[in-house]
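Residue strings, one per chain:
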Amino acid sequence: GINAEYGQDHRKQLASQRSTPARNQTLPSIDAVSQKTQHITEAVTMLRDAIRHDNPGMFQEVYSRVLQASQGVISVFPENPQWQTVKLSLELLKRSATELSQLSMAACNHDKKVFIDRHINLAKDIARATKSLMGYVENAMK
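Residues numbered from 1 in each chain as written. Predicted model: local features only at pLDDT ≥ 70, side-chain atom pairs only at ≥ 80, totals over all residues. Heavy atoms only, no water.

Chemist: Lay out the overall build of the protein with the relevant residues and their values.
Modeler: Regarding its fold elements, the protein presents five helices and zero strands. Written out in order from the N terminus, the α and β elements of the protein read α-α-α-α-α. Of all 142 residues assigned to the protein, the portion counted as buried reaches 34%. Summarising the internal contacts of the protein: among those between residues at least 6 apart in sequence, 73% fall at separations of at least 24. Within the structure as shown, the protein displays about 9,200 Å² of accessible surface, and the carbon and sulfur contribution to it stands at 51%. (Helix = DSSP H or I, 4+ residues; strand = E, 2+ residues; numbered from the N terminus. Buried < 20%, exposed > 50% of the residue type's maximum accessible area, 1.4 Å probe, protein only. Contact = heavy atoms within 4.5 Å. Areas by Shrake-Rupley, 256 points an atom, 1.4 Å probe, with all protein chains shown as cover.)

This is how it looks when you write it as structure tokens:
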């Protein structure tokens, strides 16, 4: 009857709300990932140039570009990926891009060397996470 149907629908709804990843997730296409990671590469290059040319006035724009590019990469993957490598890489990407966007001289005790080193390390983490995601998708396509 109606109650049995309601119970089944309700159970299905509850199951779909759980945070356990679905087993039928699909990885994004290599083209989708490649296109999104290109934006990260460009943003990280801008960051490197801003540091190299000692142009802190550019940092805020670069931070938002890196954050936007990172969110672009994250958006092509399932929200709660079933693949551990992908999950860890996305977490590193998200954490590093967010931390970068909030970086300030004050947070580095106004020590320019600490400030620059932090930028470089976060940029490396972002690049590492992106490379790992690309590699995972490329290997999965083989």
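From this point on, the discussion continues.
Chemist: Any chance you could break down the pattern of salt bridges for me, citing the residues and the numbers?
Modeler: Inspection of the entire model under this criterion finds seven salt bridges. For aspartate 49, the salt bridge identified is with arginine 48, shortest N-O distance 3.7 Å. For aspartate 49, a relative accessible area of 27% corresponds to the partly exposed category. On the accessibility criterion, arginine 48 (42% relative accessible area) is partly exposed. A cluster of three or more residues bridged by salt bridges with shared partners is formed by Arg48, Asp49 and Arg52. (Salt bridge = Lys/Arg side-chain N within 4 Å of Asp/Glu carboxyl O.)

Chemist: Account for the side chain of glutamine 25, naming residues and giving values.
Modeler: Summarising the element assignment, glutamine 25 is placed in the loop between α1 (2-17) and α2 (30-52). By relative accessible area, glutamine 25 is classed as buried at 18%. One polar contact links the side chain of glutamine 25 to the main-chain carbonyl oxygen of asparagine 80, over a distance of 2.8 Å. Within polar-contact distance, the side chain of glutamine 25 engages the backbone nitrogen of glutamine 82 at 2.8 Å. Residues within four places of glutamine 25 in sequence aside, it is in contact with Pro78, Asn80, Pro81, Gln82 and Trp83. (Polar contact = N/O pair within 3.5 Å; in protein donor to acceptor, adjacent residues only side chain to side chain.)

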